[in-house]
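# Summary of the model geometry
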Amino acid sequence: MKRSMTVCVCAFAVLWTAQGNFLVLNSDATTINKNTGMFWVLLQCSMLFGNLYIYLDWNGKATITDGDRKMVFVVLLILSVLGTLSFIILRKNQDDEEALNEGEADSLLSAHMIFKQRAVSAVRDASTEFRTMMNMFCTKTILLLSFGMAYSGLELTFYSGVYGTCLGATAQFGPSAKGLIGLSGILVGVGEIVGGGLFGLLCKNNRFRRTSVVFLGMVVHFIAFYLIFLIIPEDAPIVFETDTQHEPYLMPSVPIALMCSFLLGLGDSCFNTQLYSILGCLYAEQSSPAFAIFKFIQVLPAVTSDLL
């Protein structure tokens, strides 16, 4: 499990850095908010379909067998391979096309020389990007944004790994508790899509709007976490083979629990769409190191909290 988590985290960092860079390269100051919103909405649609399968297949089951888990992982593996292959059909930006034309002009060179030049160029570019990233890491802007980045990683771990497990282990929900795991994921996805659509596509790209969206995300998450604290038993995150034994402060309610799922997704979209938009506007010429720093700061607390 730990080895799988390590591989997933490495792939997560590379994939999201590349996506952020591609998003910025194909946007400008007037379209970055719209493109970020569209990207976020399409991304979170996966939560609807994946969790819908979990809800339909696991609803009413007292225990989840190894066969059930293997089926989920096989489907996810196939979809991941197809998604990775889809990068091949992405359009090339202007700089890539110019580099390709230069390569065609030098076609008289031997294949060995061309490969060597590309390898040296790739190492040089990577070294330059790394130095730029280290210099950028200590700037005032990144230091201020790092708090929001780290928080987004912590709450990502909570709603993707902890909260669903808590719902499935809460004895007061009865035999439908395991099905609530998938249903909760669906509601998180709905909140993400609603937030991405509203704050990414409809809001104008100015400081007042951006500040308002982030403040709304803070309020929404405060309400969600407080309600979760009241209705979820304190031993829910740590039980494995049995259901919870402790009583929460308030009687657990399925509608309230699912509303909290929606609020978690809505608040998460508030933070992430604005972080993407800010980085895209401030670091349009240095998008790769900027998004690499973003994902590093986001993943570090997420992995740490998972291990704890």
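Everything below is about the structure shown above.
Everything quoted here is computed from the prediction, not taken from an experiment.

### Looking at the packing of helix α2 (residues 32-58) against helix α9 (residues 254-282)
In a pair of packed helices, the angle between the axes and the distance between the axes together describe the arrangement. One can describe the packing of α2 onto α9 by two numbers: an axis separation of 9 Å at closest approach and a directional angle of 140°. Classified by the interaxial angle, the pair formed by α2 and α9 is oblique. Of the two possible hands of crossing, α2 and α9 adopt the one that is right-handed. Along its contact with α2, which presents I32, N33, T36, F39 and W40, the element α9 presents D268, S269, N272, T273, Y276, S277, G280 and C281. In terms of residue class, the contact of α2 with α9 is made up of five nonpolar, seven polar and one charged.

### Comments concerning the nonpolar core
Within the largest apolar cluster, 27 residues are counted, with the highest numbers of intra-cluster contacts made by Y163, L167 and I232. Among the secondary structure elements, those contributing two or more residues to this core are α6 (140-169), α7 (177-202), α8 (207-231) and α9. The dominant element in this core, judged by the number of residues it contributes, is α9, at seven residues. Residues contacting L167, with those up to four places away along its chain left out, are F173, A177, L180, S184, I232 and A257. Counting 20 residues, the second largest nonpolar core, distinct from the first, contains I142, M149, L279 and F294.

### Here we look at the side chain of H221
Tracing the sequence through the fold places H221 in helix α8. Excluding residues within four positions of it along the chain, H221 makes contact with Y151, E155, L263, L264, G267, D268 and F271.

### Some words on the packing of aromatic side chains
Ring pairs (aromatic) are described by centroid distance and by the angle formed between their planes. One pass over the full model with this rule turns up eight aromatic pairs. A ring pair is formed by F158 and Y163, whose centres lie 5.9 Å apart and whose planes are at 25°; its orientation type is stacked. Classification of Y163 as buried rests on a relative accessible area of 0%. For the pair F158 and F225, a centre-to-centre distance of 5.3 Å together with 70° between the ring planes defines the contact as edge-to-face. Taken together, the positions of F158 in helix α6 and F225 in helix α8 put the pair 67 residues apart, joining distant regions of the chain. Every member of this aromatic cluster is reached through a ring pair, and the members are F158, Y163 and F225. Sitting over the ring of F294, K295 keeps its end group 4.4 Å from the ring centre.

### Points about the packing of α2 against helix α3 (residues 66-85)
Two numbers describe how α2 lies on α3: the axes approach to 12 Å, and their chain directions differ by 160°. By the criterion of interaxial angle, the relationship of α2 to α3 is roughly antiparallel. Once α2 is placed against α3, the crossing between them reads as right-handed. Counting all contacts with α2, which are made through Y53, I54, D57 and W58, the residues of α3 involved are D68, M71 and V72.

### Quick word on the environment of N21
As for its position among the elements, N21 is in helix α1 (residues 2-25). For N21, a relative accessible area of 18% gives the class buried. Each residue touching N21, except ones within four places of it in the same chain, is listed here: S287, S288 and F291.

The rules we used
- Residues numbered from 1 in each chain as written.
- Predicted model: local features only at pLDDT ≥ 70, side-chain atom pairs only at ≥ 80, totals over all residues.
- Heavy atoms only, no water.
- Axes fitted to C-alpha atoms, helices over the stretch in contact; angles between N-to-C directions.
- Helix = DSSP H or I, 4+ residues; strand = E, 2+ residues; numbered from the N terminus.
- Parallel < 35°, antiparallel > 145°, perpendicular 65-115°, else oblique.
- Left-handed = near helix turned anticlockwise from the far one by under 90°.
- Contact = heavy atoms within 4.5 Å.
- Nonpolar A, V, L, I, M, F, W, Y, C, P; charged D, E, K, R; others polar.
- Core = buried A, V, L, I, M, F, W, Y, C linked by side-chain atoms within 4.5 Å.
- Buried < 20%, exposed > 50% of the residue type's maximum accessible area, 1.4 Å probe, protein only.
- Phe/Tyr/Trp six-rings, centres within 6.5 Å; stacked < 30°, edge-to-face > 60°.
- Lys NZ or Arg CZ within 6 Å of the ring centre and 35° of its normal.

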